[in-house]
Every structure is written in structure tokens, then in C-alpha cells.
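Examining the three-dimensional arrangement
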Amino acid sequence: MIITDFLEKNAREFPNDIALVEINPEIKEDRRVTWKEFELIEPNPKTSYRREITWGVFNEKANRFANLLLQRGIKKGDKVAILMMNGLEWLPIYFGILKTGALAVPLNFRYSSDEIEYCVNLAEVDILVFSNPFIGRVEEIADRISKGRLLIYVGEGCPSFADDYNSLSANCSSQSPMVALTDEDYAAIYFSSGTTGFPKAILHKHKALLHSCMVEQNHHGQTKDDVFLCIPPLYHTGAKMHWFGSLISGGKAVLLKGTAPEFILEAVSKEKCTIVWLLVPWAQDMLEAIESGRVNLDDYELDQWRLMHIGAQPVPQSLIKRWKEIFPNHLYDTNYGLSESIGPGCVHLGVDNIHKVGAIGKPGYGWEVRIVDEHRNTVAKGEVGELAVKGPGVMTCYYRDEKATNEVLADGWLFTGDMAQEDEDGFIFLVDRKKDVIISGGENLYPVQIEDFIRTNNKVHDVAVIGLKDKRLGEIAAAIIEVKEGETLTKEEVDKFCLDLPRYKRPHEVIFADIPRNPTGKIEKPKLRKIYCGESLVATQVEMKTNK
């Protein structure tokens, strides 16, 4: 069985039931916005607009796109990339790709033109499907990436350098293309990144996607009556794999653009949502809005809301304590995962273990977990080591990168690069990250990319970027800058210089200080973290030892 079988099943059994709802906050039509910019829009749920599709229409749209791809020569093993914001078209396009036997390649909507081009080439993409917010970025590279590739545009006002999705798919058959597939066929390539910041293409088979469906339903018990509120972008494994619980149960899901507390509560109330997955900043914002009196819970119907779960970053115990005081009847869960393990759930807390908030939990459904030393031998309980996971959701490889694959895969085990320890009850706690990746608001920031940019300032002698703890975002990027002798530089100048970086990559803090390097010339980031973050020496020593 493969996941497209669930879509076919839902279309047969519940053809007229709502599968997906899209809710958008009010925005000016002539303004292009990023996902995060939706947070800045003045909340006004009464002016939001709503679209929906049934399971029958969902499946028909997927079939039409699959048949369009087949007409254009796409075959099993080819790759089709998706560069789109969340909307009703996203998932039917994703499933249409899978139905052909091609690999779906979701792209991060924050990628610059150069990053889009890099990923398209690395994954050997045959077709790029994109939507309105990305016209400018794709146009910059269209002459280079369109050679041998088809560009398909989804939306109104198709640019001259692309083909129009609406007109092309309208004339295609709505019947299943009936391409024979097995769980051992390749299904998708997702992008992650290592400590260098260069994206790696993560190859998954259909069996990995299927396992993520099973994991999600096992952990959160979705039924046909559940309604899942999905806020994060669908290109990310976290959002999509949590939605797989709705797919397997035939339940409704709501795609909400906008993270203001009013938008979330209004969607939960009007759509009768029962399960909501939040990131820490969104939960913090909701609590502050409620506690300040800006939001009155009596204005909403929330009795049906049964589960709130959080992932993508460490969860403060104080946050959950405050949450349970306001929502005492909510079940709570947290999930740990990586794109290399097909998203969330290889470790999860479990709704019955709220007394262990702070832990990431125990091995998830169908998963095994080990904590190992630098020689990959299992450490004693209570000792710090690297977290390794094994199960049907482990990636096949880093596509076209044998060296990187061999560094993290061995005998079916995926070595995550995260440092952890297990307590006496078998619960796993993250201690530190072996990698230097900063997780800010659930998004990965790669310090080397920010460092390379800041180094282009002719007043900068050296720079190191680390994460500082932040109450709302979990971490924020801080740039420690060593100024060239004889030069002067201010924080205001650095902030202005960094305006050419995407907003989410700009450092929140600037510190002027010397940059320590070891005898081999590497920046001693553990030392910087100890100075500016107050991290424990134990975690720092472990990281230094395992990075030799």
C-alpha cells in the first residue's frame, strides 16, 4: 500500500465530504507577502475569505495533474519541484506527482533565486511548479533553469516564460493514471542542510511516507470526526506529515495563512478544529493575548479542541504550565524528528506523559532509539551522547552525496547530530546540538551563510554567528564581530548592511568582540556559547569531542 491509495479510498468512501479548507487573512491584492509577513497584518477575521474542496474533487485534481505530467513525458523516477505557498492547489499537485511515479520535490518558499537554482540542479528536477509570490525569483533564473525543464505557473496572470497550470490541467482526464507503484519506489526529495548550510537532497521511498501516516495516527488517534488546523508551510515535512493523520482517517483539515492569535482562535471556533499543531512563538503569542485581555475566550467556541501539540524546537516547561492553566482539558504532546526521518514522530512525548514536559519523549511508533558515544557505542543511561534513530522512515540517502550519506547512515541507523541523554524512566532529553544550526521560531538558520555575508563588509575582520536563547523564538541569531584594526563599526551600520539578507536571516543581536579560533583555524563556537549563552561545560565538552 502507498499513500495515494488513501486518497483514492477517501474519494470513493467520502466523495462529498470536505477534505481541505483554505482560510486567508485580508491582504492587499497588489502586495506580495512572505509567510512571516502575515503575522504583521492587522487581525480582522471577519474579512478573511474561505475556499474548500471535497475528497472527490481533491482526487480529481490530483488525477488531472498526474495525467498532464504524463502527457509532458514525465515518467517513474523523474522529479517535479513545488515552489508554492499553502493553498488548496498544493496537496493535489503533490499527490498528482506521486501518482505518476515521479518524485515530489517541495522547495522552501524562503529560498533566494540562487538557492532555487542550486536545489533544482542538485535534485535533477524535470519540471518546476511555482505560484505568484515567486514570479520574480523564478524570472531571474528562468533562462538558465528552463533549458530542458518545463516551468508551470499556478494562479492568475501566467508570466510569459511559463505554461499555465489552469488551462493545461483543465483538458486532462480526471481518471486515475493507474501507474503501478510499490512501497519500494522512490517518492520524494526533501531539502535539509548540514553545518555548512548547503542544502542536501533527502531521498525517501513510498514506504517512508506510508510509515509517517501510521506514526501520526498512532500517536494522536485521528478519527473521521477530527479536524486538523495546519498553519506551517506544506513544503516542510512537519506540516505535511502531521496532516497525514487526516489523510489516513478521511478527516477535514484547515490550511490557515496567518499566525495572529485571533486568526487561530477564529479558525478553531468556526471550523470546529479538534487538533492544532503550534510552534512555540505562536503559543506564546496566544497566551500573552489571552492573559493581557486582548483576546476574550468567551468570544469563541473551543470546547471541541482536544489536542495541542508542539514541535520543531525545545518547549519551555513554563509555557505548558501556563497553557494547562488556561486550557485544562487539552491533551498535550511534543514530537521530535528530522526530514531525514520523514518528519516528526521518531521520538514523541505522548499525551499521557505531561509530567515529563521538557523531554522529547520515548521512541515513536515503529522506531528504535539509541544514544551513542563518539565511537557509536551505546552510552549508559544518564550519560550524554549522540541520538540515533532507526525505523521504516529513515531516508534512503542524501541524493548524489555518498560522502554525506555515509557520515550519518550505518546499518539502518540515522545519526542525528543531536546530543541527548536518557533519564531513569527512559525519557529522552536533548542536551545540545552537535551541528551549529540555530532554530529560531521553528526555522533553521545556518550561521555560515550569515557569516559569509557579513564578511563582505570591508570593516569586518572576522565574524561568528551563534544562537542566543529567546523567550518567544527559542533562539535568535547573534553576530559576534571582530572589527578590522583602525576601523569603527556600529550596530546600526551592521543592521543597515544586513538589510540585503532575507529578514529571517538578519542577526537580532550584534556583539563586538574578538573571535577565538583553535590551532587548526576553526572558530571555537563552544567557547563563544559558554561566554554568551551560559551553556553547561558538559554539553560543550561533548560537542567538542564528537566533532573531532
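Up top is the structure these notes are about.
For clarity, every value in this text was computed on a predicted model and none was experimentally measured.

**Some details on the overall build of the protein**
- Within the protein, the regular secondary structure consists of 16 helices and 27 strands.
- Taken against the 2.2 N^0.38 rule, which gives 24 Å for 548 residues, the C-alpha radius of gyration of the protein at 23 Å falls within 12% of a compact globule.
- Taking the intrachain contacts of the protein between residues at least 6 apart in sequence as the baseline, contacts between residues at least 24 apart amount to 70%.
- Of the accessible surface of the protein, which amounts to about 22,900 Å², a share of 48% is contributed by carbon and sulfur atoms.

**With respect to the sheet that holds strand β25 (residues 460-470)**
- Spatially, 3 strands are ordered β25-β26-β27 in an open sheet, and the strand pairing comes out mixed. A strand with exactly one partner marks an edge of an open sheet, and here the two such strands are β25 and β27 (509-512). Strand-to-strand twist across the sheet, computed as the mean angle between neighbouring axes with direction ignored, equals 25°.
- Seen against the sheet, helix α13 (residues 447-454) touches β25 and β26 (474-483) and runs at an angle of roughly 145° to β25.

**Digging into the sheet that holds strand β14 (residues 331-338)**
- In space, the 9 strands of this open sheet follow the order β2-β1-β11-β10-β12-β13-β14-β15-β16, with mixed pairing throughout. Where the open sheet ends on each side, the last strands, each with one partner, are β2 (49-54) and β16 (362-363).
- One ladder, built from 4 bridges, connects β14 with strand β15 (residues 343-348); its direction is antiparallel. Within the sheet, the bridge partner assigned to Y336 lies in β15 and is V347.
- On the sheet, helix α2 (residues 55-71) packs against β1 (18-24) and β2 and is oriented at approximately 80° with respect to β2.
- The strands touched by helix α11 (residues 317-326) are β12 (275-278), β13 (307-311) and β14; relative to β13, the strand with the most contacts, the crossing angle is about 165°.

**A short note on the pattern of salt bridges**
- In this structure the tally under the stated criterion is 31 salt bridges.
- Here D185 makes a salt bridge to K76, at a shortest N to O gap of 3.4 Å. With D185 in the loop between α6 (165-170) and β8 (186-193) and K76 in the loop between α2 and β3 (79-83), this residue pair connects regions lying 109 residues apart in the sequence.
- Taking the relative accessible area as the measure of exposure, D185 reaches 17% and is therefore buried.
- Here the salt bridges do not stand alone but share partners, grouping R50, E52, K252 and E271 into one network.

**Points about the packing of helix α1 (residues 3-13) against α2**
- Following both chains from N to C, one finds α1 and α2 inclined at 135°, their axes separated by 8 Å at the closest point. Here α1 is positioned oblique relative to α2, judged by the angle of their axes. As α1 runs across α2, the sense of the crossing is left-handed. For the pair α1 and α2, the contacting residues are L7, E8, N10 and A11 in the first and W55, G56, F58, N59, A62 and N63 in the second.
- Its residues assigned to classes, the contact of α1 with α2 comprises 5 nonpolar, 4 polar and 1 charged.

**A word on a negative patch on the surface**
- Among the surface-exposed residues, D114, E139, E140 and D143 lie close enough to one another that they form a single negatively charged patch.
- If one sorts the elements of the negative patch by residue count, helix α5 (residues 135-145) sits on top with 3 residues.
- Take E140: it is sitting in helix α5.

About the cut-offs
- All residue numbers refer to positions counted from 1 along the written sequence of the respective chain.
- Totals for whole chains, interfaces and linings use all residues, but because this is a predicted model, local features are given only for residues with pLDDT of at least 70 and pairs of side-chain atoms are given and counted only at 80 or more.
- Just so you know, side-chain values use all the structure's heavy atoms and leave hydrogens and water out.
- Strands here mean DSSP runs of E at least two residues long; helices mean DSSP runs of H or I at least four residues long; both are numbered from the N terminus.
- We compute the radius of gyration over the C-alpha atoms and compare it with the globule rule, which gives 2.2 Å times the number of residues raised to the power 0.38.
- Any pair of residues with heavy atoms lying within 4.5 Å of one another is described as a contacting pair.
- Shrake-Rupley sampling with a 1.4 Å probe provides the accessible areas, and residues are treated as covered by the protein chains on show and by no other component.
- In this description, strands pair whenever DSSP reports at least two bridges between them.
- A fitted line through C-alpha atoms represents every axis, and for helices the fit uses only the stretch in contact; the resulting angles, taken between N-to-C directions, go from 0 to 180 degrees.
- A pair is scored as a salt bridge if a Lys or Arg side-chain nitrogen falls within 4 Å of a carboxyl oxygen belonging to Asp or Glu.
- Throughout this description, buried means an accessible area under 20% of the type-specific maximum (1.4 Å probe, protein chains only), exposed means over 50%, and partly exposed covers the range between.
- Reported orientations rely on four angle classes, namely roughly parallel under 35 degrees, roughly antiparallel over 145, roughly perpendicular from 65 to 115, and oblique for the rest.
- In a left-handed crossing the near helix is turned counterclockwise from the far helix by less than a right angle, and in a right-handed crossing that turn is clockwise.
- Polar here means any residue other than Ala, Val, Leu, Ile, Met, Phe, Trp, Tyr, Cys and Pro, which are nonpolar, and Asp, Glu, Lys and Arg, which are charged; Gly is therefore polar.
- Note on patches: the residues involved have over 30% relative accessible area and no salt bridge, like charges join within 9 Å, and the nonpolar side chains Val, Leu, Ile, Met, Phe, Trp and Tyr join within 5 Å.
- When charges are counted, Lys and Arg contribute as positive and Asp and Glu as negative, whereas His and the chain ends are disregarded.
- One atom stands in for each charge, and that atom is NZ of Lys, CZ of Arg, CG of Asp or CD of Glu.

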